[in-house]
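# An overview of the molecular structure
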Amino acid sequence: MPELPEVETIVRDLNNKVLGRKIQDIWSDVKKFKVQSLKLKVVGRKIEKIERKGKNILFHLSGGKLLLVHQKMTGHFLCGRWERKKGKWINVEEGFLRDDKMNNFIHLIFWLSDGNMLALSDLRKFAKVAFFDTQKIENIKDIKNLGPDALNVSMADFKKRVLRKNNKDIKQVLMDQETIAGIGNIYADDILWKAAIHPKRKPQFINDNDLKKIFSAMKSILAKSIKKRGTSISDFRDTAGNKGGYGEIRLAYKRKGDPCGRCGVKMERIKIGGRGTCFCPKCQKTGF
Ligand SMILES: [Zn+2]
């Protein structure tokens, strides 16, 4: 699933490529997007602002309207030009955007006033698209329950919020969007490895010094991944269809059997909340 660095990469791209354009038409083959009614709502509107809230993308449209997209498991936006051939949308340009199969699950297209297209490639079709009045932004469930963004949260607020979840595993606390917004499975594993904290430690047994280590690991890892344009170990691509470079330098995520980058001991894998979790059994002590 795209996490904070991947969604941030997409939002920065979109701000360069589609801001100020008008939406001229829409197509989709996903029933839940209700494309006919969506068309009536968005066609003719200008994209005035694009921002990220947690893992959500918000398109602010002219006339005080808002289009919220959550890319969920496998969704990613692409900018380019597609043609319908044999029942499939094919990118007209040569190269990776067309050749990489992860960019070929096109299920939603916006035609824009500059002649370009904005498309959503979504292998598993779990993405969410919803339309709102901008005024009601504070009432949108996906937004109002979000904790502060992981990039912006202060140490004091981070500590207060994490300690509220005293008896949960720290990995689950980091991934809880109501505690802190933006972190998922990839970055939770890497943050805890860097801070040398076992993913099953409970916040009540993590001292101030270790909480600070988690906090600074969170800030530095997210910043580094944004710089590398995210992680593409599974399906994530940027709006040009390119892979991000963080996967190659990741610290713990999906590193089972690899030597720990700190001590050389073989990394192990356990499940936490149903999610695969990799950690170093030597560096990352349980400590209760
Ligand atoms: Zn180690």
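Up top is the structure.
Each value, and the rule that gives it
- Residues numbered from 1 in each chain as written.
- Predicted model: local features only at pLDDT ≥ 70, side-chain atom pairs only at ≥ 80, totals over all residues.
- Heavy atoms only, no water.
- Phe/Tyr/Trp six-rings, centres within 6.5 Å; stacked < 30°, edge-to-face > 60°.
- Helix = DSSP H or I, 4+ residues; strand = E, 2+ residues; numbered from the N terminus.
- Buried < 20%, exposed > 50% of the residue type's maximum accessible area, 1.4 Å probe, protein only.
- Lys NZ or Arg CZ within 6 Å of the ring centre and 35° of its normal.
- Donors = N, O, S within 2.8 Å, 3.2 Å for Na, K, Ca; no water.
- Tetrahedral: all angles 85-135°; square planar, octahedral: opposite > 155°, others 65-115°.
- Pairing = 2+ DSSP bridges.

## Side note on the packing of aromatic side chains
Counted under the stated rule, the structure contains five aromatic pairs. Consider the rings of F59 and F77, whose centres lie 5.6 Å apart with planes at 80 degrees: the pair is edge-to-face. With F59 in strand β3 (residues 56-61) and F77 in strand β5 (residues 75-80), this pair connects stretches of sequence that are 18 residues apart. One exposure class covers both F59 and F77, and it is buried. Aromatic pair W89 and W111: ring centres 5.8 Å apart, planes at 70 degrees, arrangement edge-to-face. Here W89, found in strand β7 (residues 88-91), pairs with W111, found in strand β8 (residues 106-112); they are 22 residues apart in sequence, far enough to count as distant. Through a chain of ring-to-ring contacts, three or more aromatic side chains come together here, namely W27, W89 and W111. The ring of W193 has R262 lying over it, and the distance from NZ or CZ to the ring centre is 3.9 Å.

## Section: the coordination of the zinc ion
C260 (SG), C263 (SG), C280 (SG) and C283 (SG) make up the full set of protein donors to the zinc ion, lying at 2.2 to 2.4 Å. One can describe the donor arrangement at the zinc ion as tetrahedral, given that its four donor atoms subtend angles of 101 to 113 degrees at the metal. For the zinc ion, all donor residues lie on one chain, and their spacing in sequence is C-x2-C-x16-C-x2-C. On the criterion of sequence distance, the pair formed by C263 in the loop between α9 (246-249) and β11 (268-272) and C280 in the segment after β12 (275-279) is long-range, its members being 17 residues apart. Residue classification places C263 among the partly exposed residues on the basis of a relative accessible area of 29%.

## Some remarks on the pairing of β8
In the case of a regular strand, side chains alternate between the two sheet surfaces. Within β8, six of the seven residues are buried, which leaves it mostly tucked inside the rest of the structure. Pairing between strand β1 (residues 23-28) and β8: five bridges, direction antiparallel. Counterpart to D25 in the pairing with β8 is W111. Relative to strand β9 (residues 117-122), β8 runs antiparallel, the two being bridged by five bridges. Bridged to I109 within β9 is A119. Two successive antiparallel strands, β8 and β9, enclose a turn made up of four residues, where G115 displays a positive phi of approximately 90 degrees.

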